[in-house]
Amino acid sequence: MPAAILRPSVAVIVVAAGSGTRLGLGQPKAFVALAGRPILSRSLDAILALDTETQIVVVVPADRVEQAVDIVAEVAGAAVGYATVVVGGESRQASVEAGLAALADSVEIVLVHDAARALTPTAQFAAIIDEVRETGRGAVPGLPVSDTIKRTDGFGRAVATVDRSELSAVQTPQGFPREHVQRAYEFAADEFTDDAALVSAAGFEVAIIHGDPLAFKITTAWDLRRAEQELAPAPEHRAWRTGVGIDAHAFVTGSPGHPEADASAEFVGTPEPAPMPEHAEELWLAGLFWPGERGLVGHSDGDAVVHAICDALLSASGLGDLGSVFGTSDPRFAGAHGDVFLRHTAALLAGAGFRIANVSVQLVTNRPRFSPRRLEAQAVLSAQLGAPVTVSATTTDGLGFTGRNEGVVAIASCVVHPAQ
């Protein structure tokens, strides 16, 4: 298979050389079927959906090269020229080293990804690439540890509780400047459990950004079944409904370095602007606090993304709109943050016999810069709503009030269906 035909600046080394012993299906894990396709094939989907030209180096056992070439050719299609299959080593570290040796000269950023994390979203790859490109340091995705962690002695007795606020469960892809990862591997004397540890041991900085629950690793038969469930088609329903919600908020006026802006109404259908609360100097958007950014005018925290989501859900379920359910005259919502609105809306839908299938939001604004925290926002909103939420952001190229940095707009769409 030919190497990259152009000059990509990014490469992803897909490690697929594991034996799959714990999966117990008698063949290397990457070649086990997952919902009708090999795990390796599924793992390449997200990479091939990147908008950045990327070299793909797939590392496999020596006796699986021909099969891997066929899999890669089938899934890559017209982009097959960007992919290379190489033979791995006796350990994961040796396999990554084999992948590094196959990189094109033009590559500046290297991601290392486990094929067993076959459902990792494209957005996670893009976020790692952006972080490495912008900071010049390594970056790995991680999830907060939610369970209580105990340190034990040699006899299995709990001896201490570990502060989980300092812990993160890391995932892949793990990304690095090429020079960092190559130098780390060149001088590595020990075996490490992941590439971030090896690069850190070589003296290079590695940051952790928010990961994605879908990037779980398929290790056991239970994990494989879980992945099959994630890929299973949704049941057919004749009563599925869609909804659309739009919300706009003005930035607080008079902040240093920002143009003046007039206050705008808080809720759709509210005839008069709501009074600006004292806390409006803080920006809350997409369920996140944005330090150092100018706040939004509103009766609540002014989170236009959350309000658009609620408006879409209420519309789809026939339960009214944002103004009628969360009126500015209701003191319960004065200064409230987005989690209050989302959970109340979800409870209303559940009470009316609806379940939320998914929500998608488009944020229109020049600031804050949203992409570095997109995955974090999606995770927070999804957890609060109890359903998958995706968020994207764009600008108007200087046109309109968002282009003049006077405010933000959020447009949400959703799908809901009867609970039974």
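Definitions and cut-offs
- Residues numbered from 1 in each chain as written.
- Predicted model: local features only at pLDDT ≥ 70, side-chain atom pairs only at ≥ 80, totals over all residues.
- Heavy atoms only, no water.
- Helix = DSSP H or I, 4+ residues; strand = E, 2+ residues; numbered from the N terminus.
- Expected span 1.5 Å × (residues − 1).
- Buried < 20%, exposed > 50% of the residue type's maximum accessible area, 1.4 Å probe, protein only.
- 1 Å grid on protein atoms, 1.4 Å probe; cavity = no way out; pocket = protein on both sides within 12 Å on 5 of 7 lines; lining within 4 Å.
- Points joined across faces, edges and corners; volume = space filled by probe spheres on them.
- Nonpolar A, V, L, I, M, F, W, Y, C, P; charged D, E, K, R; others polar.
- Axes fitted to C-alpha atoms, helices over the stretch in contact; angles between N-to-C directions.
- Parallel < 35°, antiparallel > 145°, perpendicular 65-115°, else oblique.
- Contact = heavy atoms within 4.5 Å.
- Salt bridge = Lys/Arg side-chain N within 4 Å of Asp/Glu carboxyl O.
- Pairing = 2+ DSSP bridges.
- Polar contact = N/O pair within 3.5 Å; in protein donor to acceptor, adjacent residues only side chain to side chain.
- Phe/Tyr/Trp six-rings, centres within 6.5 Å; stacked < 30°, edge-to-face > 60°.
- Lys NZ or Arg CZ within 6 Å of the ring centre and 35° of its normal.

1. Brief notes about helix 11 (residues 374-385)
Here helix 11 spans 16 Å end to end across twelve residues, near enough to the 16 Å set by a 1.5 Å rise per residue. Those residues of helix 11 lying buried are L375, A377, Q378, L381, S382, Q384 and L385. Positive phi shows up at G386, right after helix 11, with a value of about 75°.

2. A few points about empty space enclosed by the protein
Applying the stated rule across the entire model yields two cavities of 30 Å³ or more. Estimates place the volume of the largest cavity at around 60 Å³. As for the largest cavity, its lining consists of A127, D130, E131, E134, I209, R369, S371 and P372. When the residues that make up the lining of the largest cavity are grouped by side-chain class, the tally is three nonpolar, one polar and four charged. One number sums up the size of the second largest cavity: a volume of about 30 Å³. If you go around the second largest cavity, the residues you meet are L44, L48, I56, V72, V75, A76, A79 and A83. Every element with two or more residues in the lining of the second largest cavity is listed here: helix 1 (39-48) and helix 2 (65-76).

3. Quick look at the packing of helix 8 (residues 304-316) against helix 10 (residues 338-351)
Following both chains from N to C, one finds helix 8 and helix 10 inclined at 10°, their axes separated by 9 Å at the closest point. In terms of orientation, helix 8 and helix 10 fall into the roughly parallel class. Together, V306, H307, I309, C310, L313 and L314 of helix 8 and G338, F341, L342, T345, L348 and L349 of helix 10 make up the contact between the two elements. Here the contact of helix 8 with helix 10 is composed, by residue class, of nine nonpolar, three polar and no charged.

4. Describing the layout of surface pockets
Summary: where empty space remains is shown by rolling a probe the size of a single water molecule over the atoms. Estimated volume of the largest pocket: approximately 1000 Å³. Taken together, 33 residues line the largest pocket, and the ones lying closest to its centre are L214, E230, A357, A387 and P388. Its residues placed into classes, the lining of the largest pocket shows 18 nonpolar, nine polar and six charged. Taken as a whole, the second largest pocket holds about 660 Å³ of empty space. Around the second largest pocket, the lining is made up of 31 residues, and of these G18, K29, R92, D114 and K217 lie nearest the centre. Of the residues contributing to the lining of the second largest pocket, the split by class is ten nonpolar, 13 polar and eight charged.

5. Observations regarding unusual backbone geometry
Residue P173 is bonded to the preceding T172 through a cis peptide linkage, with omega at 10°. Residue placement: P173 occurs in the loop between strand 10 (168-170) and strand 11 (174-177). In this structure, P368 follows R367 across a cis peptide bond, with omega equal to 0°. As for its placement among the helices and strands, P368 is situated in the loop between strand 16 (354-364) and helix 11. Positive phi is not limited to glycine here, since A286 has a value of about 60°.

6. Concerning the pattern of salt bridges
If you walk through the whole model with that rule in mind, you get 14 salt bridges. With a shortest N-O distance of 2.9 Å, D153 and R157 are connected by a salt bridge. Note that R373 and E376 form a salt bridge whose closest N and O atoms lie 3.1 Å from each other. Accessibility expressed as a relative area gives 25% for E376, which makes it partly exposed. In this structure, a network of salt bridges that share partners links the residues R92, D114, R117 and D195.

7. Thoughts on the sheet that holds strand 13 (residues 241-250)
Pairing is mixed in the open sheet, where four strands are placed in the order 13-18-16-17. For this open sheet the edge positions go to strand 13 and strand 17 (389-394), each flanked by a neighbour on one side alone. Within the sheet, the average angular offset between the axes of one strand and its neighbour, ignoring direction, is 15°. Where strand 13 meets strand 18 (residues 407-418), ten bridges bridge the pair, whose relative direction is antiparallel. Looking at strand 18, one finds that V244 is bridged to S413. Lying on the sheet, helix 8 is in contact with strand 13, strand 16, strand 17 and strand 18; it crosses strand 13 at an angle near 150°.

8. A look at the environment of T396
Inspection of the secondary structure puts T396 in the loop between strand 17 and helix 12 (400-403). The contact partners of T396, leaving out residues within four places of it in the chain, are V364, T402 and G403. Here L399 takes part through its backbone oxygen, which lies 2.5 Å from a polar atom of the side chain of T396. Side chain to side chain, T396 and T402 meet in a polar contact 3.2 Å long.

9. Thoughts on the packing of aromatic side chains
All told, the structure shown has three aromatic pairs when counted by the stated rule. An angle of 45° between the planes, with centres 4.8 Å apart, marks the rings of F326 and F341 as tilted. Taken together, the residues span a long stretch of sequence, with F326 in the loop between helix 9 (322-325) and helix 10 and F341 in helix 10 at a distance of 15 residues. Like F326, the residue F341 is buried in the burial classification. The residue whose ring lies beneath R226 is F216, and the NZ or CZ to ring-centre distance is 3.7 Å. For R373, the ring lying beneath its charged end belongs to W290, and the centroid distance is 4.6 Å.

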